[in-house]
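Given next are the chains, with one letter for each unit.
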Amino acid sequence: MNTEAINNLKSEMRKGVIEFSYTKKDGSTRIAKGTLNFEIIGEENTPKSGVEYDSETTTRYFDVNSEGWRSFKNDNFIEILTK
């Protein structure tokens, strides 16, 4: 796992909407537009805890296209496409 790349992705998502890619469970590639910026997410979609949830192996993000929380395994992260 590239910890530096994941940390960079999270840092960029805290600033705004980022387009990135990762491999899904079924082996297909997902191109996502996600954020961790609560001003963009809005109060109605903010987790009750008010903080993002992460584990050592997964990254959770708010998908702006489907307006819901999603996650992926860090090992499946491919790259940031746009900032």
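To keep things clear, this report deals only with the structure shown in the data block. All residue numbers refer to positions counted from 1 along the written sequence of the respective chain. The model is predicted, so local features are restricted to residues of pLDDT at least 70 and side-chain atom pairs to those at 80 or more, both for listing and for counting; the totals for chains, interfaces and linings are taken over all residues. Processing note: side-chain calculations cover all non-hydrogen atoms of the structure and skip hydrogens and water entirely.

What about the pairing of strand β3 (residues 58–63)?
A pair of strands is considered paired only if DSSP assigns at least 2 bridges between the two. Elements are defined by DSSP. Helices are runs of H or I of four residues or more, strands are runs of E of two residues or more, and each kind is numbered from the N terminus. Pairing of strand β2 (residues 29–35) with β3 involves 2 bridges; the strand directions are antiparallel. Looking across to β3, one finds that T35 is bridged to F62. The pairing of β3 with strand β4 (residues 68–73) spans 6 bridges and is antiparallel. If you follow T58 over to β4, its bridge partner there is K73. Linking β3 back to β4 in an antiparallel pair, the connection comprises 4 residues, with E67 at a positive phi of about 50°.

What to know about the layout of surface pockets
Cavities and pockets were defined on a 1 Å grid built over protein atoms only: a cavity is a set of grid points that admits a 1.4 Å probe from which the probe cannot escape, a pocket is an open set flanked by protein on both sides within 12 Å along at least five of seven lines, and lining residues are those with an atom within 4 Å of any such point. Grid points are joined across faces, edges and corners, and a volume is the space filled by probe spheres set on the points. Within this model, the largest pocket holds a volume of roughly 180 Å³. Taken together, Y22, T23, K24, K25, R30, T58, R70, S71, F72, K73 and N76 form the lining of the largest pocket. At the level of secondary structure, the elements contributing two or more residues to the lining of the largest pocket comprise β1 (18–23) and β4. Element by element, the count of residues in the lining of the largest pocket is highest for β4, at 4 residues.

Description of the pattern of salt bridges
Throughout this description, the term salt bridge denotes a Lys or Arg side-chain nitrogen within 4 Å of a carboxyl oxygen of Asp or Glu. Counted by the stated rule, this structure contains 2 salt bridges. Of the charged contacts, one joins E12 and K15 as a salt bridge, the two residues approaching to 3.4 Å between their closest N and O atoms. Taken together, the positions of E12 and K15, both in helix α1 (residues 3–15) and 3 residues apart, correspond to about one turn of that helix. Between R30 and D63 there is a salt bridge whose closest N-O contact spans 2.2 Å. With R30 in strand β2 and D63 in strand β3, this pair connects stretches of sequence that are 33 residues apart.

Topic: the packing of aromatic side chains
The aromatic pairing rule takes the rings of Phe, Tyr and Trp, using the six-membered ring of Trp, and pairs them if the centres are within 6.5 Å, calling planes under 30 degrees apart stacked, those over 60 edge-to-face and the rest tilted. Summed over the entire model, instances satisfying the criterion amount to 9 aromatic pairs. These aromatic residues form a ring-pair network of at least three members: F20, Y22, Y61, F72 and F77.

Overview of unusual backbone geometry
The phi angle of most residues is negative, glycine excepted, and most peptide bonds adopt the trans form. If you check the backbone angles, E67 has positive phi at about 50° while not being a glycine. The topology assignment puts E67 in the loop between β3 and β4. Between buried and exposed lies partly exposed: a residue is buried under 20% and exposed over 50% of the maximum accessible area for its type, with that area taken using a 1.4 Å probe on protein chains only. The class for E67 is exposed, based on a relative accessible area of 58%.

Treat this as a map of the structure, not an account of what it does.
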